[in-house]
Amino acid sequence: MNRTPDSPRPAAVRISSAPEQLAGLTPLLEAARAAAGDVPALLELAKAAAAAAPLPGGGRTAYLWEILASVTAVDVAAGRALEPHLDASAILAQAAGQPAPDGGDGQDRAGGDPDGAWGVFAAEAPGLRLEAKPADGCFLLHGAKPWCSLAAQLDHAVVTAHLEDGGRAAFAVDLHAHGVSFEDPQWTSRGLREIPSGTVHFDAVPAAPLGDAGWYYRRPGFAWGGMGVAACWLGGAVAVARGFTASLLKAADGGRAPDQLALAHLGEIDRTLTALTGYLARTAGRIDAGELSDTGAWSEALRVRGAVATAVERIQTLVSQNLGPGPLAFDDAYGKRMADLSLYLRQHHAMRDDAQLGALTLKGDHPW
């Protein structure tokens, strides 16, 4: 990615860390900018970041989220490549010592080289099914898994598969193993063009169990990981806001001061982002204090994800309305950022997630 001599250094997104702590992220953010658009370089960046990133729930959750948000603020696709690798690292750590599903002895639970590039494939789709069948003390994967981002360029993945008793469990799998094949993704998206998702087929592929049936979804880390994705969305919104601010300053330098509408919208964006970072800081603190280690963790994840997703869409709308069609038509960086973020945000299920949260609220699972 070309950099002009006067382009500013990428800035971290602050949730709660001190400025001197965030200053240590500068080399990572410079590397993210240099790697933008280069998938192998992005995966190397993910591996480097994982070596320094804390695990969620270990006392530095806010800093983990700051890493995710800050990289995404540099390049949304870079954040999209980083997040699943860090999530897989957390899942592997959380799985240590967990019992295996019936039919497996749990040996080689890490499932291969932890230094490789990892993905997390847990999506389901009509007509596609991945099954895990016990065989000689281990498990073999049979079937297909949809929405596997960058699968052909990864080394390993955490995948969810159906068990013979009807449950589902998580497994670590070597994506270079015999029996793994990749469909050519029919990826026509204008957003996240360098992060295609496609279907992966498994034909009797050995896999190491990660926890027993249902553990993947029961663990509080499932909710924590969902909030980590929201931290990425936040980073994308910060990038949009920073770009908007820079455009207003540039226009003012050219003699066209922002009008009241532009200032009002910038003010709304400021208080929205300030409220979101405060919310994430408090939530990270609760995770580290052990307050979100039970069934209530998922309710809070739905609140966090819903609040961030709604705010991001609002910020995108305000900026797009103010700047008009020009940057969408002629500013490649702006157009890419908006397209990448719009697609990434669709991981949120909008009203369906709110309905799920409403059902939990009716059961009394709410703070008010």
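See above for the structure.
An account of the accompanying structure is given in this report.

Cut-off values and rules
- Residues numbered from 1 in each chain as written.
- Predicted model: local features only at pLDDT ≥ 70, side-chain atom pairs only at ≥ 80, totals over all residues.
- Heavy atoms only, no water.
- Core = buried A, V, L, I, M, F, W, Y, C linked by side-chain atoms within 4.5 Å.
- Buried < 20%, exposed > 50% of the residue type's maximum accessible area, 1.4 Å probe, protein only.
- Helix = DSSP H or I, 4+ residues; strand = E, 2+ residues; numbered from the N terminus.
- Contact = heavy atoms within 4.5 Å.
- Phe/Tyr/Trp six-rings, centres within 6.5 Å; stacked < 30°, edge-to-face > 60°.
- Expected span 1.5 Å × (residues − 1).
- 1 Å grid on protein atoms, 1.4 Å probe; cavity = no way out; pocket = protein on both sides within 12 Å on 5 of 7 lines; lining within 4 Å.
- Points joined across faces, edges and corners; volume = space filled by probe spheres on them.
- Nonpolar A, V, L, I, M, F, W, Y, C, P; charged D, E, K, R; others polar.
- Axes fitted to C-alpha atoms, helices over the stretch in contact; angles between N-to-C directions.
- Parallel < 35°, antiparallel > 145°, perpendicular 65-115°, else oblique.
- Left-handed = near helix turned anticlockwise from the far one by under 90°.

Once that is clear, we can look at the nonpolar core. Counting residues in each nonpolar core, the largest one holds 98 residues, and the members touching the most others are W65, L141, F171, V173, F202 and W233. Element by element, the count of residues in this core is highest for helix α7 (residues 220–253), at 16 residues. Sequence-distant contacts of F171, defined by excluding residues within four places in its chain, comprise A132, F139, L141, A157, V158, V159, A161, L163, A207, A208, P209 and L210. Counting residues in each nonpolar core, the second largest holds 12 residues, with V120, A170, A172 and Y216 among its members.

Here we take up the packing of aromatic side chains. The final tally for this structure, using the stated rule, is 5 aromatic pairs. Pairing Y217 with F222 gives two aromatic rings, centres 5.5 Å apart and planes at 65 degrees, and the pair type is edge-to-face. A relative accessible area of 25% means that F222 is categorised as partly exposed. Ring plane angle 35 degrees and centroid distance 5.2 Å describe the contact between F222 and W298, whose orientation is recorded as tilted.

In a regular helix each residue adds 1.5 Å, so 34 residues correspond to 50 Å; α7 covers 50 Å between its end C-alpha atoms and thus fits that length. One or two steps after α7, the chain reaches G255, where phi turns positive at roughly 95 degrees.

The calculated volume of the second largest pocket comes to roughly 1,200 Å³. Taken together, 40 residues form the lining of the second largest pocket, with A122, A123, R305, Q347 and H349 sitting closest to its centre. If you list the elements that add at least two residues to the lining of the second largest pocket, you get α5 (76–95), β1 (118–121), β3 (138–149), α6 (215–218), α7, α9 (296–323), α11 (332–345) and α12 (351–362). Looking at the lining of the second largest pocket, its residues break down into 22 nonpolar, 9 polar and 9 charged.

In this section: the packing of α7 against helix α8 (residues 260–288). Where α7 contacts α8, the axes come no closer than 11 Å and their chain directions differ by 155 degrees. Taken together, α7 and α8 sit at an angle that is classed as roughly antiparallel. The handedness of the crossing between α7 and α8 comes out as left-handed. The residues of α8 that touch α7, namely those facing W224, M227, L234, A237, V238, A241, F244, T245 and L248, are A262, L266, I269, L273, L276, T277, L280, T283 and I287.

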